[in-house]
Amino acid sequence: MAVLDRKQSDDLLDPAFMNKLDQLALMSKKIFAGKMRGERLTKRRGDSAEFADYRNYVSGDDLRYLDWNIYARLGQLFLKLFLQEEDLHVSVLIDVSKSMDWGDPSKGRYARQVAAAISYIALSNFDRLSLYAYSDGLQYELTGVRGRRLMFKVMEFLTKIEFDGTSNLTATGKQFAIRHPQPGIVLILSDFFEKGGFEDGFRYLLGRNYDLYAVQILSPEEIEPNLVGDLRLQDVEDDDAAEVTISRALINRYRQNLQAYCESIKQYCTRRGVSYLFTSTDVPFDQIVLSYFRQRGLIQ
Amino acid sequence: MNFLNPASIALAAGLTIPPLVALYFLKLKRSVRLVPSTLLWKKSVEDLQVNSPFQRLRKSLLLLLQLLVLILAAIALGKPMFETADAYESTVLLLIDQSASMGVVEEAGQTRLEIAKEQAKLQVDSLSDDARAMVIAFCDRAIVVSSFDTDKQSLKRKIDSIEQTQSTSSLSEAFSLAEAYAQNLIIGGEQPGSDIAPVSAAPPATVFLFTDGKIEDADKVALEQFDVTKMRVTNVGLRDDNIGILAMAARRNYEHPERLEVTAIVRNFGSKPVTVDAVLYIDGRNVDIQTIILDPTPASDATRTSADPELGHVKLAAFDDIVFGGGGVIEVVLRVDDALSADDRAWAVIDPPRRARVLLVTEDNLFLENVLQTLAVDYSTMTGDQYESASENVITTDQRSAFDVVMFDRHTTDRLPRGNYLFWGAVPKIEGVLAGETVDGEIIFDWDETHPILRHVAVETIDPIRWIDLTLPRDAVSIMEGRRLPVMSYLTRDGSQFLISAFSLIGEDELGRRFRNGDWVASADFVVLVQNMVQYLSSNIATQSKRGVSPGEPVTLPIPEGVETVEITGPDGVVHAIPAARYQTIHFARTRQVGTYTIRPGVAGSDVFTVNLFSETESDVAPAKTLTLGASNVNAQAGAVPINKPAWTYFLVALLVMLLLEWIVYNQRVFV
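(A) How the structure looks around the overall build of chain B. Each helix and strand counted, chain B has 14 helices and 38 strands in total. Burial statistics for chain B: of 672 residues in total, 49% are counted as buried. Contacts spanning at least 24 positions in sequence make up 69% of the contacts within chain B whose residues lie at least 6 apart. For chain B, the exposed surface amounts to about 32,400 Å²; the carbon and sulfur share of it is 54%.

(B) The arrangement of the overall build of chain A in detail. Looking only at helices and strands, one finds 10 helices and 10 strands in chain A. Each of the 300 residues in chain A was classed as buried or not, and the buried ones make up 53%. Summarising the internal contacts of chain A: among those between residues at least 6 apart in sequence, 77% fall at separations of at least 24. With an accessible surface of roughly 13,700 Å², chain A has 46% of that area assigned to carbon and sulfur atoms.

(C) Structural context of the packing of helix α5 (residues 112-125) of chain B against helix α6 (residues 152-160) of chain B. Residue and element names in this part refer to chain B. Relative orientation of the contacting elements α5 and α6 amounts to 170°, with a least axis distance of 10 Å. Relative to α6, the element α5 is oriented roughly antiparallel. Residues Lys117, Ala120, Lys121, Val124 and Asp125 of α5 form the contact with α6, whose own contacting residues are Lys152, Leu155, Lys156, Ile159 and Asp160. Its residues assigned to classes, the contact of α5 with α6 shows four nonpolar, no polar and six charged.

(D) Structural context of unusual backbone geometry. Of note, the amide linkage connecting A:Asp104 to A:Pro105 takes the cis form, showing an omega dihedral of 0°. With respect to the helices and strands, A:Pro105 occurs in the loop between β3 (89-95) and α4 (107-124). The linkage connecting B:Arg600 with the following residue, B:Pro601, adopts the cis geometry, with an omega of -10°. Within the fold, B:Pro601 resides in the loop between β34 (595-600) and β35 (608-611). Positive phi outside glycine occurs at B:Arg410, with the angle close to 55°. Locating B:Arg410 in the fold gives a position in the loop between β20 (405-409) and β21 (420-424). Residue B:Arg410 is classed as partly exposed on the basis of its relative accessible area of 27%.

(E) Focus on the interface of chain A and chain B. Tallying the contact residues gives 37 residues for chain A and 27 residues for chain B. In this assembly, chain A packs against chain B so that about 3,200 Å² is buried in total across both faces, 66% of it on carbon and sulfur atoms. Of all residues in chain A, A:Arg253, A:Tyr254 and A:Asn257 bury the most surface against chain B, accounting for 16% of the area lost on that side. A:Glu243 is paired through a salt bridge with B:Arg30; the nearest N and O atoms lie 3.6 Å apart. Counting the contacts that link chain A with chain B gives 14 residue pairs in polar contact (both at pLDDT 80 or more). Ranked by residue count, the leading element in the side of chain A that touches chain B is helix α9 (residues 248-271) of chain A, at nine residues. Per-class residue counts for the side of chain A that touches chain B are 18 nonpolar, seven polar and 12 charged. Bridge analysis of strand β8 (residues 230-235) of chain A against strand β2 (residues 31-35) of chain B gives five bridges, and the strand direction is parallel.

(F) Broad picture of the pattern of salt bridges. In total, this model carries 33 salt bridges over all chains according to the counting rule given. Note that A:Arg64 is salt-bridged to A:Asp62, the shortest N-O span being 2.7 Å. Owing to a relative accessible area of 67%, A:Arg64 belongs among the exposed residues under this scheme. Assessed through its relative accessible area of 29%, A:Asp62 is described here as partly exposed. Here A:Glu224 makes a salt bridge to A:Arg255, at a shortest N to O gap of 3.0 Å. Note that A:Glu224 is positioned in the loop between α8 (220-223) and β8 and A:Arg255 in helix α9, a separation of 31 residues in sequence. Under the relative-accessibility criterion, A:Glu224 is labelled partly exposed at 43%. Here the salt bridges share partners, and the residues they tie into one network are A:Lys195, A:Asp235, A:Asp238, A:Asp240 and B:Lys42.

(G) Structural view of the sheet that holds β2(B). The strand order β9(A)-β8(A)-β2(B) describes an open sheet built from three strands, whose pairing is mixed. Single-partner strands in this sheet number two, and they are β9 (241-245) of chain A together with β2 of chain B. Going across the sheet, the axis of each strand differs from the next one's by a mean of 30°, ignoring polarity.

(H) Representation of the nonpolar core within the structure. By size, the foremost hydrophobic cluster in this structure holds 61 residues, and its most contacted members are B:Tyr387, B:Met407, B:Trp424, B:Met480, B:Phe526, B:Leu529 and B:Val530. Grouped together as the second largest cluster of nonpolar side chains are 51 residues, A:Leu13, A:Ala133, A:Val145 and A:Phe157 included.

(I) α6(B), seen in detail. Residue and element names in this part refer to chain B. Of all the residues in α6, the buried ones are Lys152, Ser154, Leu155, Lys156 and Ile159. Lining the buried residues of α6 we find β4 (91-97), α5, β5 (132-138) and β6 (142-149). The opening residue of α6 is Asp151, an N-cap whose side-chain oxygen sits 3.1 Å from the backbone nitrogen of Gln153.

(J) Fine view of the confidence of the model for chain B. The predicted model of chain B has a mean per-residue pLDDT of 81, with 87% of residues at 70 or higher. Low pLDDT, under 50, characterises residues 186-201 of chain B; the stretch is placed with 10 contacts to residues that sit more than four places away or in other chains.

(K) Quick look at the sheet that holds strand β26 (residues 486-493) of chain B. Residue and element names in this part refer to chain B. An order of β17-β16-β20-β21-β27-β26-β25-β23 is seen for the eight strands of this open sheet, with the pairing classed as mixed. Pairing within the sheet leaves two strands with one partner each, and these edge strands are β17 (377-382) and β23 (444-447). Here the average twist between neighbouring strands, direction ignored, is 15°. Bridging between β26 and strand β27 (residues 496-501) involves six bridges; their strand directions are antiparallel. Pairing of Ser489 across the sheet is with Ile500, part of β27. Lying over the sheet, helix α12 (residues 524-537) contacts β16 (356-361), β17, β20, β21, β26 and β27, oriented at roughly 150° with respect to β21.

(L) Focus on the packing of aromatic side chains. All names here are of chain A. This structure, assessed with the given rule, holds 24 aromatic pairs over all chains. Ring centres of Phe17 and Phe285 lie 5.1 Å apart, and the angle between their planes is 70°; this geometry places the pair in the edge-to-face category. In this pair, Phe17 is assigned in helix α2 (residues 15-22) and Phe285 in helix α10 (residues 285-295), connecting sequence segments 268 residues apart. You'll find Phe17 and Phe285 in the same group, each marked buried. Through successive ring pairs, a cluster of aromatic residues spans Phe192, Phe193, Phe198, Phe202, Tyr261 and Tyr268.

(M) Fine view of a negative patch on the surface. Residues B:Glu363, B:Asp385, B:Glu388 and B:Asp414 make up a contiguous surface patch of negative charge. Judged by its relative accessible area of 55%, B:Glu363 is exposed.

(N) Structural detail: the pairing of strand β31 (residues 565-569) of chain B. Residue and element names in this part refer to chain B. The two faces of β31 differ: Val566 and Ile568 on one face are buried, but Thr565, Glu567 and Thr569 on the other face are not. Bridging between β31 and strand β32 (residues 575-579) involves five bridges; their strand directions are antiparallel. By the bridge assignment for β32, Ile568 is matched with His576. Between the antiparallel neighbours β31 and β32 lie five residues, among them Gly573 with a positive phi of about 85°. The pairing of β31 with β34 spans three bridges and is antiparallel. The partner of Thr569 across the bridge, within β34, is Thr598.

(O) Spotlight on the environment of B:Ser478. All names here are of chain B. Position of Ser478 among the secondary structure elements: in strand β25 (residues 477-482). Each C-alpha atom of the pair Ser478 and Asp448 lies 7.7 Å from the other, and the pair is 30 residues apart in sequence. In this structure the side chain of Ser478 is engaged in a polar contact, spanning 3.0 Å, whose partner is the side chain of Glu481.

Reading guide: rules and limits
- Residues numbered from 1 in each chain as written.
- Chains lettered and ligands numbered in written order.
- Predicted model: local features only at pLDDT ≥ 70, side-chain atom pairs only at ≥ 80, totals over all residues.
- Heavy atoms only, no water.
- Helix = DSSP H or I, 4+ residues; strand = E, 2+ residues; numbered from the N terminus.
- Buried < 20%, exposed > 50% of the residue type's maximum accessible area, 1.4 Å probe, protein only.
- Contact = heavy atoms within 4.5 Å.
- Areas by Shrake-Rupley, 256 points an atom, 1.4 Å probe, with all protein chains shown as cover.
- Axes fitted to C-alpha atoms, helices over the stretch in contact; angles between N-to-C directions.
- Parallel < 35°, antiparallel > 145°, perpendicular 65-115°, else oblique.
- Nonpolar A, V, L, I, M, F, W, Y, C, P; charged D, E, K, R; others polar.
- Buried area = accessible area lost by both parts, 1.4 Å probe.
- Salt bridge = Lys/Arg side-chain N within 4 Å of Asp/Glu carboxyl O.
- Polar contact = N/O pair within 3.5 Å; in protein donor to acceptor, adjacent residues only side chain to side chain.
- Pairing = 2+ DSSP bridges.
- Core = buried A, V, L, I, M, F, W, Y, C linked by side-chain atoms within 4.5 Å.
- pLDDT = per-residue confidence, 0-100.
- Phe/Tyr/Trp six-rings, centres within 6.5 Å; stacked < 30°, edge-to-face > 60°.
- Patch = residues over 30% accessible without salt bridge, like charges linked within 9 Å, V, L, I, M, F, W, Y side chains within 5 Å.
- Lys, Arg positive; Asp, Glu negative; His and termini not counted.
- Charge placed at Lys NZ, Arg CZ, Asp CG, Glu CD.

Right, dumping it as structure tokens:
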């Protein structure tokens, strides 16, 4: 905490909230092997104090792990196995396409706040944190951060990212999967307005067996558009234009389509074991972190 | 549905609709809004277009509504009309009755003529713009109020100018006029030089007749050009409560000429019994009053048309023994408030009592002198020589004969100032009249027994032995004829009347001996004949009142010689100045008002004449349900004329509804 740039942390996370986060830890539904010894038990046998199993002794085994008591009783050599404690890879993918810089507060800021909170929890638990900002590919990254003292780097990274370009989850997923072979928790913060479709992007990520969390962030203006008249709607990302004459029927149709689109993402995710979470920027982000993520088991 | 002004629809639609459509074709200038993604918007727009088959229609719903508004406005400008009447005709004839019965004031306070004019104007309004209409007002005569015209305002002004008359009504002249004008219309309407027979090209004129059905000659109308089935008769009026004077006369007592007897036939045409006071005025003085109780007119037509005083609804008002020695105007007034006032008063003019002055020019004729003594006449006698030598002032007064009747017994003369002359066995020396040889043994072969002179005379007893062979002009009216010779004839020349008898009462034989020319001269028939002759010739001083004329009937009035202008004052006080130089009589036809007319300067005894309605048809004000025109019956349309009602208001309402709808649609689109 002491090393954090006060201004940066104030901007995204307030201290009281960070205190609450101190109590939390990220939980993965899957247990992964980390690169370094961490604070988590993995399925790999290691040298922690946590007994796991026995096995027959074979030559070359470390004699320190022989169970002499069993040898005294049975006259056979058994080796005690212990669980390995390892660190957890936590990756946060933030959509920084232009569409995220929308709304008041913008979806981008909301995503950064969520990312900051998750990052803080991860660093507090000595998890290995990687932050990626993507639009039509990975744009910015901060990888391998571990330990709370590096929180300031995270904040610096989150503060400096700029929102620009079009969103392309497919390219991003592909890049990420190649670059990031280690299993771990992957949290995607995006509006998922993917003109090329979101499915391919997810498919690349699912291939790596990550513990995936998809958070769809929309602004209230997108959920309930407040438009009137004959308009030329211009896409902020690609300057694509849609000429519409706003009518009750059109608004109703838009709502239906939005709902169907979100539902399609949810169904896609649910079927593939991906946790999906929909939120609007008018929902306080701490509620998302403290309540929704907890309910979904990401945070404990 | 038809349009009075179809051209304006095309004009209005042509001026407004293309610009509106053009406005819609112009690219809509949309305001640009940035959105995070157009992904869902595009999909939504596509969905709407795919899902709604009426999407295009929805898109252009505003245009459609605005087009509808413009079309409705254009149609309203075209003056659409609901056709409740028949199809429009290009040629329309409006005949408006202005006779006396049209003056009945109906419940609404309007006279029938005013109602008829209103209806006629409504009819004019509902004509199409290119239709030609002609207006004819008719009473006893027909007047073309407006010849064929397409200007509706002008037609309506002219309809307004039709005035009420107190005349009887006659349709024949109106139709003659209309047919004449209709033919002129064709001839005038053709291209110059074209050779199209006018009759075959006659336009199908629709005749609108506005009347109460009281038309005297309706059944005598000969319709040649106009189709009766196309005729629309509008029946104006409802009232039938009328009491009218159908005839009136004043008569002096023969023996006591200062005593008058005035009679008037009064009839109740209404359906309720009435008690009415009949008041007699002489020169404006109230002289006598009588109360008459009249039964209602029976419903059956047979008795309805009868004017028999025995029936309860017809009564005779008789004022006896009215002492009035002078001359003047006698007026009978019914004190009643009924539908028609023109028939509540009747006038008659009676001259002062005076005996006819008769001059007998004879050498010696006891028969005639004896007869004249018995008659109520003042007579004097002259010989032929005395007559010829008498001074002018004895024979003439005011350039007329000083005597009412001058009787020449076997005396032929040319001294004949204007007057009334009776020749026995002699002839007046006027052109065309010649006396030939004496004839014996003739008999009276034929006579006009209806002639007043032969009233109560047994002609077969007249047996003159000898008479003279008369040669008379063609216009002489034969009263008695022999087998080949005229016996007694009547002739008028230059205001004089001549009765010429071929026989005299006393004959002379070849030896100069006088003999009675037939036995009949000693009979009563002779006395009656002479009295008839004197009365007939001196009828202008008859003891009974003068008949007067019907409204509108022209009257011939004698005027003093040398008068330049005659002023005739009508009952309404209007003075008509009639130039009269070089004429001895004038004809006056502006007698549309009932009442007395005074002529200044006038000939004594002819300086006042009266106009009375005396028309049963006009007095029977109950409107006729059917009208017999010629040989056809036409049903009268009661009440309002079936005009084509304007429909543009409905289009205007529809237009407003469309505007409202457009406003709602616009708001729904703009404010979601």
